[in-house]
Amino acid sequence: MNNSKKKNKAFYYIYIACMFVFFYLPIVVMMVFSFNKSKSLTSMTGLSLRWYARLLSDGSILRAVYVSLTIALFATLVSTVMGTLTAIGLSKSRKIVKDVLINVNNLPIMNPDIVTAIGLMILFSSVMIAKGYMTMLLAHIAFCTPYVITSVYPKVRQLDPSIADAAMDLGATPFQALVKVIIPMLKDGIYAGILLSFTMSFDDFVISYFVTGNGVANISIVVYNMTKRTNPTINALSTIVVIVIALLIIISKLIPQMLKNTLRRLMIIGIVLTLGLSVFTGVKGNKKTLRVFNSGEYLEPELITKFEKQYNCHLVYETFDSNESMYTKLKSGSEYDIIITSDYMIERLIKEKELQPINWDNITHKDDINPENMGYAFDPDNKYSIPYYVGTVGILYDKNKVDPKDLEDGWELLRNEKYAGDIYMYDSERDSFMIALKALGYSMNTTNKKEIKEAYDWLIKQRETMDVVYAGDDVMDNMISGNKAIAVVYSGDGAYIMAENEDLAYFDPPEGTNEWCDAMVMTKDCTDTDLAEAFMDYLMDYQNAIDNTIFIGYTTPLTKVKEYMMENDFKGLNSYDPVFGAPNNEVFRYQDTELKSYFADLWTKIKAYE
């Protein structure tokens, strides 16, 4: 019997140990790699504090930390007061009112975040509230308050209904009865609501992303944008956050009396931070303002500061995670002066009259643009767009694992069973269908459903025989580490990966590929067109373009800058200079709603296929 108990006890300890390893090993790994010397997120090459130094020098990250903390504290304070009073009020309500309100309170908790986010975004737009710090704060209060009510209400139900009357019979005013009798008896539920509200607010991403504007971003938004490229600063930031949270937990356990006056301290902190908030969102004087909307990790941050100083203006810089989310925010009423987006989306914005023409007389560096990167089908006369970065989609392969003769198969290399289980496909609906359509000899912009269905069958057959892995931007670090032999990548990413791993090479299949172009456009809402065009021209300045290109890593359309990069950072890497204007290359064109829906349905089936 004793042996049986010992075995059970040993099994229990092993189970607990495994559980903690499962929970905390990823955090430990992240913390270790925050001291990694190289950019790799998976390969340790030495110890360094470079990413902590970069973190502390990055103003956008420090501002995001400030926004996250102040929003969380304000939202916690307001939602705790509102939620507690509501919970107390519910206990005095009639049953039918109580039941209805409890069910209504549960809706925001059960509702998917994306639905809440879109609803709040439309609400703020419809009532003409400028998106920014205040809209983010209001949104956080809205979704935190129901959690406080849920935490406090059970404690209210446990109270003796006559306790408030007894206090007033003894001479207390209603307010004194509330503050000195009822609330102290609810403190456990209130503390739970405070912790839950702060946690929900501090790490929120989805709702914050859709309701913010005016350059205001919290930690979650900044970290998400960093994941678009390999950025080890994420590890440094996350490590600091974990350490701070751990210290707060330890302090709260060692000094429990610190929690006694939590609400009072939050109110004092709130007043102090209100003064600090005025500095962060204060009036910018009479400086001109330029609003720029760009993809995450797609502009060297120092260039923003330099531009503001050079032109004595304020640049409101926001980022998006996809062209589609950018379009959603634009159409919901958010206003921008410059948008940096992709070819097919530019065509759509032109069709919907969302853009205004560019005065090329103000673009002093126009002659520096490579003619091969001008005149794309989405804007043949470059009336509305100035190329920002360009490239192709091709195949990155390990020279030690892939037979050079197999490259002659072009896109069919991705169905060569010799490499089954050793391929990354890019997790992109349009690029995946592009590969299949080009392999079949069709246009990647076809509207013929018979051809599209053949492409679908090609991709399904590939999944049946090749065991491919659909990967996003994480393919960069995986290929640097040599995890697979073949990957579909953007040429700029290929150049970055090849610079870190000399065993890799890149080629564009002869059947043709997606020759993409991201460009700068000016919206119809832009009023200071001279400042907007000055910013576009500023990014094309030789030294500014070099600094930006080193940060981004993609192929610049500026001839002299590209030559410099090919002689220095990307010397000998053919993926930095892919073949532009090849006969079978195409640029993605705009898809109407019906065609896009058809592709989306097929893509869902491909991704769900087992």
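Reading guide: rules and limits
Residues numbered from 1 in each chain as written. Predicted model: local features only at pLDDT ≥ 70, side-chain atom pairs only at ≥ 80, totals over all residues. Heavy atoms only, no water. Buried < 20%, exposed > 50% of the residue type's maximum accessible area, 1.4 Å probe, protein only. Helix = DSSP H or I, 4+ residues; strand = E, 2+ residues; numbered from the N terminus. Contact = heavy atoms within 4.5 Å. 1 Å grid on protein atoms, 1.4 Å probe; cavity = no way out; pocket = protein on both sides within 12 Å on 5 of 7 lines; lining within 4 Å. Points joined across faces, edges and corners; volume = space filled by probe spheres on them. Nonpolar A, V, L, I, M, F, W, Y, C, P; charged D, E, K, R; others polar. Axes fitted to C-alpha atoms, helices over the stretch in contact; angles between N-to-C directions. Parallel < 35°, antiparallel > 145°, perpendicular 65-115°, else oblique. Left-handed = near helix turned anticlockwise from the far one by under 90°. Expected span 1.5 Å × (residues − 1). Arc of directions from axis to C-beta. Disulfide = S-S within 2.5 Å. Core = buried A, V, L, I, M, F, W, Y, C linked by side-chain atoms within 4.5 Å. Polar contact = N/O pair within 3.5 Å; in protein donor to acceptor, adjacent residues only side chain to side chain. Salt bridge = Lys/Arg side-chain N within 4 Å of Asp/Glu carboxyl O.

## A few points about helix H16 (residues 343–351)
Logical step 1: Among the residues making up H16, those that are buried are Asp-343, Tyr-344, Met-345, Ile-346, Glu-347 and Leu-349.
Logical step 2: Turning to H16, the residues buried within the fold contact helix H15 (323–331), strand S3 (338–342), strand S4 (385–398), helix H17 (429–439) and strand S9 (515–522).
Logical step 3: Looking one or two residues past H16, Lys-353 carries a phi angle of roughly 60 degrees, positive in sign.

## Observations concerning empty space enclosed by the protein
Logical step 1: Using the criterion set out here, one finds two cavities of 30 Å³ or more in the structure.
Logical step 2: Where the lining of the largest cavity is concerned, the elements lending two or more residues are S4 and helix H22 (542–552).
Logical step 3: In terms of residue count, S4 provides more of the lining of the largest cavity than any other element does, three residues in total.
Logical step 4: Here the lining of the largest cavity is built from residues that sort into nine nonpolar, two polar and no charged.
Logical step 5: Volume-wise, the second largest cavity comes out at about 40 Å³.
Logical step 6: Lining the second largest cavity are Glu-429, Arg-430, Phe-433, Met-434, Leu-437, Met-444, Phe-588, Gln-591 and Phe-599.
Logical step 7: When residues of the lining of the second largest cavity are assigned to their parent elements, the largest contribution, five residues, is made by H17.
Logical step 8: A per-class count over the lining of the second largest cavity returns six nonpolar, one polar and two charged.

## Section: unusual backbone geometry
Logical step 1: The backbone phi angle of Glu-297 is positive, close to 55 degrees, even though this residue is not glycine.
Logical step 2: Unusually for a residue other than glycine, Asn-382 sits at a positive phi of about 50 degrees.
Logical step 3: Structurally, Asn-382 can be placed in the loop between H16 and S4.

## Structural notes on the packing of helix H4 (residues 95–110) against helix H6 (residues 133–158)
When two helices pack together, their arrangement is given by the angle between the helix axes and by the axis-to-axis distance.
Logical step 1: Following both chains from N to C, one finds H4 and H6 inclined at 130 degrees, their axes separated by 9 Å at the closest point. Relative to H6, the element H4 is oriented oblique. Here H4 runs over H6; the crossing is left-handed. Taken together, the residues of H6 that come into contact with H4 (itself represented by Lys-98, Ile-102, Asn-105, Asn-106, Pro-108 and Ile-109) are Pro-146, Tyr-147, Ile-149, Thr-150 and Tyr-153.
Logical step 2: Its residues assigned to classes, the contact of H4 with H6 comprises seven nonpolar, three polar and one charged.

## A short note on helix H5 (residues 113–126)
Logical step 1: Between its first and last C-alpha atoms H5 spans 20 Å; for 14 residues at 1.5 Å apiece the expected length is 20 Å, and the two agree.
Logical step 2: What H5 keeps buried is the set Thr-116, Ala-117, Leu-120, Met-121, Phe-124 and Ser-125. Projection of H5 onto a plane perpendicular to its axis shows the buried side chains occupying an angular sector of 160 degrees, all on one side.
Logical step 3: Contacts made by the buried residues of H5 are with H6, helix H10 (206–211) and H15.

## Quick notes on the state of the cysteines
Logical step 1: For the structure on display, the rule yields zero disulfides.
Logical step 2: Considering cysteine sulfurs only, Cys-526 is the nearest to Cys-313, which forms no disulfide, with 12 Å between them.
Logical step 3: Under the relative-accessibility criterion, Cys-313 is labelled buried at 2%.
Logical step 4: Among the cysteines around Cys-517, which has no disulfide bond, Cys-526 carries the closest sulfur, lying 20 Å off.

## A word on the nonpolar core
Logical step 1: In this structure, Leu-414, Phe-433, Ile-486 and Phe-535 are the most contacted members of the largest nonpolar core, which totals 136 residues.
Logical step 2: Counting residues per element, this core draws most heavily on S4, which supplies eight residues.
Logical step 3: Listed in part, the 15 residues of the second largest apolar core include Tyr-153, Val-156, Ile-182 and Ile-194.

## Details of the side chain of Asp-406
Logical step 1: With respect to the helices and strands, the residue Asp-406 is situated in the loop between S4 and strand S5 (423–426).
Logical step 2: On the basis of relative accessibility, which here comes to 10%, the residue Asp-406 falls in the buried class.
Logical step 3: Here Lys-418 takes part through its side chain, which lies 3.0 Å from a polar atom of the side chain of Asp-406.
Logical step 4: Setting aside its immediate chain neighbours within four residues, Asp-406 contacts Leu-413, Asn-416, Lys-418 and Tyr-419.

## Details of the pattern of salt bridges
Logical step 1: Applying the stated criterion to the full structure yields 16 salt bridges.
Logical step 2: As a salt-bridge pair, Asp-457 and Lys-453 come within 3.0 Å of each other at their nearest N and O atoms. Here Lys-453 and Asp-457 lie together in helix H18 (residues 449–466), a separation of four residues that amounts to about one turn.
Logical step 3: On the basis of relative accessibility, which here comes to 36%, the residue Asp-457 falls in the partly exposed class.
Logical step 4: Here Lys-562 ties to Asp-577 by a salt bridge, and the two come within 3.1 Å at their closest N and O atoms. With Lys-562 in helix H23 (residues 559–567) and Asp-577 in the loop between H23 and helix H24 (593–608), the pair connects residues that are 15 residues apart, well separated along the chain.
Logical step 5: Judged by its relative accessible area of 8%, Lys-562 is buried.
Logical step 6: Take Asp-577: its relative accessible area is 33%, and that puts it in the partly exposed class.
Logical step 7: A single salt-bridge network, built from bridges that share partners, covers Lys-331, Arg-348, Glu-352, Glu-354 and Lys-524.

Interpretation in functional terms is not warranted from these geometric data alone.
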